[in-house]
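Analysis of the macromolecular model
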Amino acid sequence: VGNYMKRFRGEAENKVDTKGRVSIPAAFRRILEEGDPDWSSGLNPNLVIVYGRKNIKCLEGYSLGSIEIVDNLVSKLPRYSKEREILERLLNSQSVYIQLDENGRIILPSKLRKLVDIDNTAIFVGMGEKFQIWNPSNYMNDMNLIEKNLSENNLEEELYSLLDSGKNEK
């Protein structure tokens, strides 16, 4: 596959049972398998869930490959800088390794479910190198805020033009 990394895309709403078990969307599972260096056919891939980000009412899921990219970015900061220390603390203390079971499900610990108000349904939202797990109504509220902001400030065109400005690195 070379340097090409498949991205998390789309939305999927899944039931969460009383034990916190929820199915990871099948398309997301393939990306988690691809992003786990220890995965091979017949094994269950691992992922990292980051939680507790300020003002973000969701959990964020990363393949092992994509969290490594984030870790590498952090480690490029000066070793004892305050910024690096804070990012390392947040990303490492507020994250957890989780393994999919043979049915493609994960168990969301109750602490994490409480943190983001996930009860009996969760919506998985592709975000490219990561995905988010939301309470469905919180997600709808967040999307409505984004759309309101875009239309009130006529930002959508401006946002897409950023992609074509040559100012981004890749």
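Here's a quick rundown of the structure. Here the structure is a predicted model, which is why all the values come from computation and not from measurement.

What follows is about the overall build of the chain. When helices and strands are counted, the chain shows six helices and eight strands. For the chain, the α and β elements follow one another from N to C terminus as β-β-α-β-β-α-α-β-β-α-β-β-α-α. Taking 15 Å as the expected radius of gyration for a compact globule of 170 residues, we find that the chain reaches 17 Å, a close match to that expectation. Out of the 170 residues in the chain, the part that is buried amounts to 35%. Partitioning the intrachain contacts of the chain with sequence separation of at least 6 by distance along the chain shows that 62% fall at a separation of at least 24. As displayed, the chain has an accessible area near 11,400 Å², and 50% of this comes from carbon and sulfur atoms. Looking at charge distribution, the chain has the averaged site of its 24 positive side-chain charges lying 5 Å from that of its 26 negative ones.

On to the packing of helix H2 (residues 64-75) against helix H3 (residues 82-93). Their axes nearest at 9 Å, the elements H2 and H3 cross at an angle of 155°. In terms of orientation, H2 and H3 fall into the roughly antiparallel class. The interaxial crossing formed by H2 with H3 has left-handed handedness. Between H2 and H3, the residues in contact are Val-70, Val-74 and Ser-75 and Arg-84, Leu-87, Glu-88 and Leu-91, respectively. Its residues placed into classes, the contact of H2 with H3 shows four nonpolar, one polar and two charged.

Our next topic: the pairing of strand S4 (residues 59-63). Regular strands place side chains that alternate from one sheet face to the opposite one. Burial analysis of S4 places five of its five residues in the buried class, which makes it a mostly covered element. Side-chain alternation along S4 places Leu-59, Gly-61 and Ser-63 on one buried face and Glu-60 and Tyr-62 on a second face that is also buried. The pairing of strand S3 (residues 46-50) with S4 spans four bridges and is classified as antiparallel. Note on S4: the bridge partner recorded for Leu-47 is Ser-63. Note: S4 against strand S8 (residues 130-134), four bridges, orientation antiparallel. The partner of Tyr-62 across the bridge, within S8, is Lys-130.

The next point concerns unusual backbone geometry. Unusually for a residue other than glycine, Asn-55 sits at a positive phi of about 65°. Inspection of the secondary structure puts Asn-55 in the loop between S3 and S4. The phi angle at Asp-117 is positive, at roughly 60°, despite the residue not being glycine. Within the secondary structure, Asp-117 sits in the loop between helix H4 (110-115) and strand S7 (121-126).

The six strands are arranged S1-S7-S8-S4-S3-S5 in an open sheet whose pairing can be described as antiparallel. Only two strands of the sheet have a single neighbouring strand rather than two, namely strand S1 (11-15) and strand S5 (95-99). Strand after strand, the sheet turns through a mean of 25° between neighbouring axes, direction not considered. Taken strand by strand, helix H5 (residues 136-152) contacts S1, S7 and S8, and its axis lies near 40° from that of S7.

Turning our eyes to something else, we now look at H2. With twelve residues, H2 should reach 16 Å at 1.5 Å per residue; the first-to-last C-alpha distance of 16 Å fits that figure. The set of residues buried in H2 consists of Leu-64, Gly-65, Ser-66, Ile-67, Val-70 and Val-74. On its buried face, H2 is in contact with S3, S4, H3 and S5.

Structurally, Lys-57 is set in the loop between S3 and S4. Put simply, Lys-57 and Asn-138 are 81 residues apart on the chain and 7.4 Å apart in space, counted from C-alpha to C-alpha. With residues near it in sequence (within four places) discarded, Lys-57 still touches Leu-115, Val-116, Asp-117, Trp-134 and Asn-138. For Lys-57, the side chain forms a polar contact with the main-chain oxygen of Leu-115, separated by 3.1 Å.

So, how was this worked out
Residues numbered from 1 in each chain as written. Predicted model: local features only at pLDDT ≥ 70, side-chain atom pairs only at ≥ 80, totals over all residues. Heavy atoms only, no water. Helix = DSSP H or I, 4+ residues; strand = E, 2+ residues; numbered from the N terminus. Rg over C-alpha atoms; globule rule 2.2 N^0.38 Å. Buried < 20%, exposed > 50% of the residue type's maximum accessible area, 1.4 Å probe, protein only. Contact = heavy atoms within 4.5 Å. Areas by Shrake-Rupley, 256 points an atom, 1.4 Å probe, with all protein chains shown as cover. Lys, Arg positive; Asp, Glu negative; His and termini not counted. Charge placed at Lys NZ, Arg CZ, Asp CG, Glu CD. Axes fitted to C-alpha atoms, helices over the stretch in contact; angles between N-to-C directions. Parallel < 35°, antiparallel > 145°, perpendicular 65-115°, else oblique. Left-handed = near helix turned anticlockwise from the far one by under 90°. Nonpolar A, V, L, I, M, F, W, Y, C, P; charged D, E, K, R; others polar. Pairing = 2+ DSSP bridges. Expected span 1.5 Å × (residues − 1). Polar contact = N/O pair within 3.5 Å; in protein donor to acceptor, adjacent residues only side chain to side chain.

Function cannot be inferred from these measures alone, as they are strictly geometric.
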